[in-house]
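Remarks on the overall topology
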Amino acid sequence: MADNSLKKEISFSGALSTVMGTVIGAGVFFKAAAVVSHTQSAGLTLFAWLFAGFLTICGGLTVAELATAIPKTGGPIRYIEETYGKLPSFLLGWAQTIIYFPANIAALSIIFATQFTHLFQLNDRILVPLAMITAVSVTGINLLGTKIASNVQSLTLFIKLLPILVIVVAGLIQPGQVEVGITDLSIGGDNSWAQGFSAALLATLFAYDGWLNVGNIAGEMKHPEKDLPKAIILGLGSVTVVYWVINFVYLKTLPAEQIAGNLNASSDVAYNLFGNMGGKIVTLGILISVYGALNGYTMTGSRVSFALALNDEFPFSKYFKKISNKTKIPYISVIVQLVIACIMMTLGTFDVLTDMLIFVMWSFSMLLFLAVFILRKRAPDMPRPYKVPLYPIVPLIAMLGGGFILIMTLITTPGLAFTGIGVTAIGVPIYFYMKKKK
């Protein structure tokens, strides 16, 4: 276990499939229910998806500069450390390791199990055990090695695009049952426009979440300075187009009231377009999509605690820094991540978990956007193989969008926001304990 160097095996296609494969997962199929619930409007729903994509692309263009200037395993935690010091970077790593990645794995596993039981008409009592089995199987794949996990990611990306493609093509060709007013940005229901739109935006951002995690595997990429920004930009641009079009098809096929709050809306659209057998085949493709997202989060998440442990910055670092001599996988990090995720599967709900995570991660994203300005001034000679275009406009757009999300979340759902802040703050005394111990 002495050799702690990770293999550089991930190519551009592997990085691109990690970006798209992690982003395109449960969100595209299951967040439509939450978004429509908040807007009660087809036009505003589509605008929320488009605006979230625009913000995410601006964020991706901005953080890609940090990723190529600091291409280290651990991704964002290393960018934060370079700019702000050890404590903020530890808190990000802490939040990602203890909450963010395990909760995502838990939520995706539950969604997978929910759709699986719905598809095969199984008893709901097996939901949590089935979710755990799903997470265990993905962890097993990752323990076989980075190359195998990356290949699985590429394969599931290809397969997961098929149900999206057939739904989009069939939905656009067939006459719609509902007239969609794309330019009508009014809101329905009792929410104010700002409240409804901000809540819808928060929900859509989970569907776009995951793009930043590819930075965690920069240390295992063959050419990170060249491939990482291309993977982020091309991947996010494609995802934005896919999300807008498929949600247009949802709203064209089913009335908004049948989509709002309905986690089976995507399956209902498939059954509506293709009949019983066709709907089942498409739902099977959706299951593979969720499985691919699980693989992406499992692969990238385990590298965070490993990166912290290498510098003895994490509790029980001597165990978390261990990697297999044969597969070069940080197996302790992978297994602990699975255990936390399995515990979380018995707690919370899909939407509550994901909304809290998005608030916490966008708080750190704001620090990352600001870091580009700080490092440009503090370290002008730092090698930057890629620079964010239209500087400083693009980073400022990302910061304004992130600020809107955080402020509106604090106003509309303060309990959600402060829970995320509180869990992250638990890392402060742990950091000083580890510092004293060193």
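Structure first, text after, so check above.
In this text, all values refer to a predicted model and were calculated from it rather than measured experimentally.

Scanning the chain from N- to C-terminus turns up 18 helices and zero strands. Since a compact globule built from 438 residues should have a radius of gyration of about 22 Å, the 21 Å found for the chain is in line with a globular shape. Dimensions of the chain, computed from C-alpha atoms along their principal axes, come out at roughly 65 × 45 × 40 Å. When the 438 residues of the chain are sorted by exposure, 59% land in the buried category. Intrachain contacts of the chain at a sequence separation of at least 6 include 83% that bridge at least 24 residues. Working note: accessible area of the chain is about 16700 Å², and carbon and sulfur atoms make up 69% of it. Looking at the chain, you have 29 positive and 20 negative side-chain charges, and the mean spots of the two groups are 12 Å apart.

In this structure, the amide linkage connecting Tyr 391 to the following residue, Pro 392, adopts the cis form with an omega of 5 degrees. Position of Pro 392 relative to the elements: it lies in the loop between α15 (350-378) and α16 (393-412). Unlike most non-glycine residues, Gln 40 shows phi in positive territory, near 55 degrees. Tracing the chain through its elements places Gln 40 in the loop between α3 (32-39) and α4 (42-69). Of note, Leu 390 is a non-glycine position whose phi angle comes to about 55 degrees, a positive value. If you trace the backbone, Leu 390 turns up in the loop between α15 and α16. Overall, the relative accessible area of 63% leaves Leu 390 in the exposed class.

This brings us to helix α6 (residues 86-119). Helical geometry: 3.6 residues make up each α-helical turn, so side chains three or four residues apart lie on a common side. Its 34 residues give α6 an end-to-end C-alpha distance of 47 Å, which sits within 8% of 50 Å, the value for a rise of 1.5 Å per residue. The sharpest bend along α6 comes to roughly 45 degrees, located at Gln 96. Immediately downstream of α6, the backbone of Gln 121 shows phi near 55 degrees, a positive value.

Mapped onto the elements, Ile 411 comes out in helix α16. In the structure, Ile 411 is positioned 216 residues away from Gln 195 in sequence and 8.8 Å away in space, judged by C-alpha atoms.

So, on to the environment of Val 269. Mapped onto the elements of the fold, Val 269 is located in helix α12 (residues 265-310). Along the chain, Val 269 and Phe 364 lie 95 residues apart, while their C-alpha atoms are 36 Å from each other.

Looking now at the side chain of Thr 204. Inspection of the secondary structure puts Thr 204 in helix α9 (residues 193-208). Look at Thr 204 and you get buried, because its relative accessible area is 0%. Side-chain polar atoms of Thr 204 contact the backbone oxygen of Leu 201, separated by 2.7 Å. Excluding its chain neighbours within four sequence positions, the residues that come into contact with Thr 204 are Val 35, Ala 48, Trp 49 and Ala 52.

The next thing to look at is the packing of aromatic side chains. Each aromatic ring pair is described using two quantities: the centre-to-centre distance and the angle formed by the ring planes. Summed over all chains, the structure comprises 21 aromatic pairs. Measuring from centroid to centroid gives 5.9 Å for Phe 51 and Phe 197, while their planes differ by 50 degrees, and the two rings are tilted. Of the two residues, Phe 51 sits in helix α4 while Phe 197 sits in helix α9, which places them 146 residues apart along the sequence. Residues Trp 362 and Phe 369 carry aromatic rings whose centres are separated by 6.0 Å and whose planes lie at 70 degrees to one another, so their mutual orientation is edge-to-face. Classification of Trp 362 by relative accessible area gives buried; the value is 7%. Relative accessible area serves as the criterion here: at 0%, Phe 369 is assigned to the buried category.

For the rest of this paragraph, the subject is the nonpolar core. Nonpolar side chains in soluble globular proteins tend to end up buried together. Residues Phe 29, Ile 164, Tyr 243, Ile 246, Ile 259 and Trp 362 are the most contacted members of the largest nonpolar core, which totals 136 residues. Apart from the residues within four sequence positions on either side, Phe 29 is in contact with Ile 164, Ile 246, Tyr 250, Ser 266, Ile 286 and Ser 289.

Within helix α5 (residues 76-84) the residues assigned to the buried category are Pro 76, Ile 77, Arg 78, Tyr 79, Ile 80 and Thr 83. Backbone geometry just downstream of α5 places Gly 85 in the positive-phi region, at approximately 110 degrees.

Tracing the sequence through the fold places Thr 56 in helix α4. You can call Thr 56 buried: its relative accessible area is 1%. Once the C-alpha coordinates of Thr 56 and Leu 236 are considered, the two residues, 180 residues apart in sequence, prove to be 7.4 Å apart.

Our next topic: the side chain of Glu 65. In this structure, Glu 65 sits in helix α4. Within polar-contact distance, the side chain of Glu 65 engages the backbone nitrogen of Val 388 at 2.9 Å. In this structure Glu 65 touches Val 372, Arg 376, Arg 384, Tyr 386, Lys 387 and Val 388, once residues within four positions along its chain are discounted.

Another aspect to go through is the pattern of salt bridges. Per the counting criterion, the structure on display carries four salt bridges. The residue Glu 65 makes a salt bridge to Arg 384 at a minimum N-O spacing of 3.4 Å. Taken together, the positions of Glu 65 in helix α4 and Arg 384 in the loop between α15 and α16 put the pair 319 residues apart, joining distant regions of the chain. Since its relative accessible area comes to 2%, Glu 65 is described here as buried. Between Lys 86 and Glu 81 there is a salt bridge, and its shortest N-O distance comes to 2.9 Å.

Bringing a nonpolar patch on the surface into the picture now. On the surface, a cluster of nonpolar side chains totalling about 510 Å² of accessible area is made up of Phe 158, Leu 162, Leu 165, Val 169 and Ile 173. Within the secondary structure, Leu 165 sits in helix α8 (residues 146-173).

Rules behind the numbers
- Residues numbered from 1 in each chain as written.
- Predicted model: local features only at pLDDT ≥ 70, side-chain atom pairs only at ≥ 80, totals over all residues.
- Heavy atoms only, no water.
- Helix = DSSP H or I, 4+ residues; strand = E, 2+ residues; numbered from the N terminus.
- Rg over C-alpha atoms; globule rule 2.2 N^0.38 Å.
- Buried < 20%, exposed > 50% of the residue type's maximum accessible area, 1.4 Å probe, protein only.
- Contact = heavy atoms within 4.5 Å.
- Areas by Shrake-Rupley, 256 points an atom, 1.4 Å probe, with all protein chains shown as cover.
- Lys, Arg positive; Asp, Glu negative; His and termini not counted.
- Charge placed at Lys NZ, Arg CZ, Asp CG, Glu CD.
- Expected span 1.5 Å × (residues − 1).
- Bend = angle between axes of the 7 residues up to and from the residue.
- Polar contact = N/O pair within 3.5 Å; in protein donor to acceptor, adjacent residues only side chain to side chain.
- Phe/Tyr/Trp six-rings, centres within 6.5 Å; stacked < 30°, edge-to-face > 60°.
- Core = buried A, V, L, I, M, F, W, Y, C linked by side-chain atoms within 4.5 Å.
- Salt bridge = Lys/Arg side-chain N within 4 Å of Asp/Glu carboxyl O.
- Patch = residues over 30% accessible without salt bridge, like charges linked within 9 Å, V, L, I, M, F, W, Y side chains within 5 Å.

From the geometry alone we can't say anything about function, so treat these as descriptive.
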